[in-house]
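Now for the letters of each chain:
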Amino acid sequence: AQALGHIPLDEDGQVADFLVAGTHKWLGSYSTLGLGIAPQATSLAAIEYGIQNALHSTFTDDGLLAFVEQLRQSANIQSETVNLCPLISAFGAVQNCVLPSAETVTAQIRNAQKVISIAEQFGWTIEMPDAEMRSGILLLQLPKRHQQIPAVQLQQLFADQLVSLTAYDRGLIRLSLPREPLSHEALVRLEQTLNAASHLVSMQRALATG
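The rules behind the values
Residues numbered from 1 in each chain as written. Predicted model: local features only at pLDDT ≥ 70, side-chain atom pairs only at ≥ 80, totals over all residues. Heavy atoms only, no water. Helix = DSSP H or I, 4+ residues; strand = E, 2+ residues; numbered from the N terminus. Patch = residues over 30% accessible without salt bridge, like charges linked within 9 Å, V, L, I, M, F, W, Y side chains within 5 Å. Areas by Shrake-Rupley, 256 points an atom, 1.4 Å probe, with all protein chains shown as cover. Salt bridge = Lys/Arg side-chain N within 4 Å of Asp/Glu carboxyl O. Core = buried A, V, L, I, M, F, W, Y, C linked by side-chain atoms within 4.5 Å. Buried < 20%, exposed > 50% of the residue type's maximum accessible area, 1.4 Å probe, protein only. Contact = heavy atoms within 4.5 Å. Arc of directions from axis to C-beta. Pairing = 2+ DSSP bridges. Axes fitted to C-alpha atoms, helices over the stretch in contact; angles between N-to-C directions. Left-handed = near helix turned anticlockwise from the far one by under 90°. Nonpolar A, V, L, I, M, F, W, Y, C, P; charged D, E, K, R; others polar.

1. Some words on the environment of serine 135
If you trace the backbone, serine 135 turns up in the loop between strand 3 (125–127) and strand 4 (137–141). In sequence terms serine 135 and glutamine 108 are 27 residues apart; their C-alpha atoms lie 6.7 Å from each other.

Following this line, the structure appears as structure tokens:
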């Protein structure tokens, strides 16, 4: 569900019956839209039957799916008022879509390795998947003694340094590395912010007791 668009899936696509992804993840279309791909002609009929059966039996309440199927097949399906923005933004993202190759993933991993080298200096823990599943996505976590930093505050700390990422509770951050080499300026900003985050709790305690 998360791999499409992040790592090459040529071999998987040759054997998989159904691939599921979100366009806001792998396309960067921003509006959430679930997408199913049936790469095997032998499985397509069964999947098509399942979709139609779910729609006609009200097994699913996906209004956008019903709307699309009604347009696609002129099917006798009761649709409803739906938000079309996910379709529009996904279509726009498809026009600029460049699926990852081994070379682009390797470039992202090189960027990730640079960030890892910096983060480890300041005590961050690196959450690394198996080599075959590595991509441009990197998860870092603060040491336990600093994990009480609120996610909102942690994310804002990076945003102030023009670093866009997702922060979670327990001091966990998620970075999506670019396909182009990180500039020296970007690496310096990351180094300064990773260092500041690792000392944030200590600074807060000092201010509270001072």
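2. Here's the deal with a nonpolar patch on the surface
Taken together, the side chains of Leu84, Leu87 and Ile88 present a nonpolar region at the surface, about 250 Å² in accessible area. In this structure, leucine 84 sits in the loop between helix 4 (63–73) and helix 5 (85–95).

3. Regarding the environment of glutamate 132
Along the polypeptide, glutamate 132 turns up in the loop between strand 3 and strand 4. Along the backbone, glutamate 132 and isoleucine 7 are 125 residues apart, and their C-alpha atoms lie at a distance of 8.9 Å.

4. Side note on the nonpolar core
Ranked by size, the top nonpolar core spans 29 residues in total, and within it Trp124, Leu140, Phe158, Ile173 and Leu194 carry the most contacts. Excluding residues that lie within four positions of it along the chain, tryptophan 124 makes contacts with Ala119, Leu140, Gln141, Leu142, Phe158, Gly171, Ile173, Leu194, Ala197 and Ser198. Counting residues in hydrophobic clusters, the runner-up holds 5 residues, among them Ala3, Leu4, Leu9 and Ala21.

5. A look at unusual backbone geometry
Of note, the phi angle at leucine 162 is positive, near 65°, even though the residue is not glycine. Residue leucine 162 is classed as exposed on the basis of its relative accessible area, which comes to 70%. Of note in this structure, arginine 170 is not a glycine but carries a positive phi near 65°. Tracing the backbone shows arginine 170 in the loop between strand 5 (166–168) and strand 6 (172–176). Judged by its relative accessible area of 52%, arginine 170 falls in the exposed class.

6. Points about the environment of phenylalanine 18
With respect to the helices and strands, phenylalanine 18 occurs in the loop between helix 1 (10–15) and strand 1 (19–22). Residue phenylalanine 18 is classed as partly exposed on the basis of its relative accessible area of 44%.

7. Observations regarding helix 5
Burial in helix 5 covers these residues: Pro86, Ala90 and Ala93. Along the long axis of helix 5, the arc covered by the buried residues comes to 60°, so they all point the same way. Structural note: helix 5 exposes Ile88, Phe91 and Gln95 on the side pointing more than 90 degrees away from its buried face.

8. Some details on the pattern of salt bridges
In a structure, side chains of opposite charge can pair up when their charged atoms sit close to one another. Tallied over the full model, the rule gives 1 salt bridge. Among the salt bridges present, the one from glutamate 185 reaches arginine 189, with a minimum N-O distance of 3.1 Å. Here the residue glutamate 185 and the residue arginine 189 both occupy positions in helix 8 (residues 184–198), the gap between them amounting to 4 residues, near one helical turn.

9. With respect to the sheet that holds strand 4
Pairing is antiparallel across the open sheet formed by 4 strands, whose spatial order is 3-4-6-5. Looking along the sheet, the strands with just one partner apiece sit at the ends: strand 3 and strand 5. Taken pair by pair, the neighbouring strands of this sheet meet at an average axis angle of 25°, ignoring direction. Taken together, the 3 bridges between strand 5 and strand 6 define a ladder with antiparallel strand orientation. Residue tyrosine 168 lies in a different strand from strand 6, and its bridge partner there is leucine 172. Contacts from helix 7 (residues 151–159) reach strand 5 and strand 6, with the element oriented near 150° to strand 5.

10. Observations regarding the packing of helix 3 (residues 41–56) against helix 4
Here helix 3 crosses helix 4 at 115°, and the two axes come no closer than 11 Å. For helix 3 against helix 4, the interelement crossing comes out left-handed. In this structure, helix 3 uses Glu48, Ile51, Gln52 and Leu55 to contact helix 4, whose residues at the interface are Leu65, Ala66, Glu69, Arg72 and Gln73. Of the residues contributing to the contact of helix 3 with helix 4, the split by class is 4 nonpolar, 2 polar and 3 charged.

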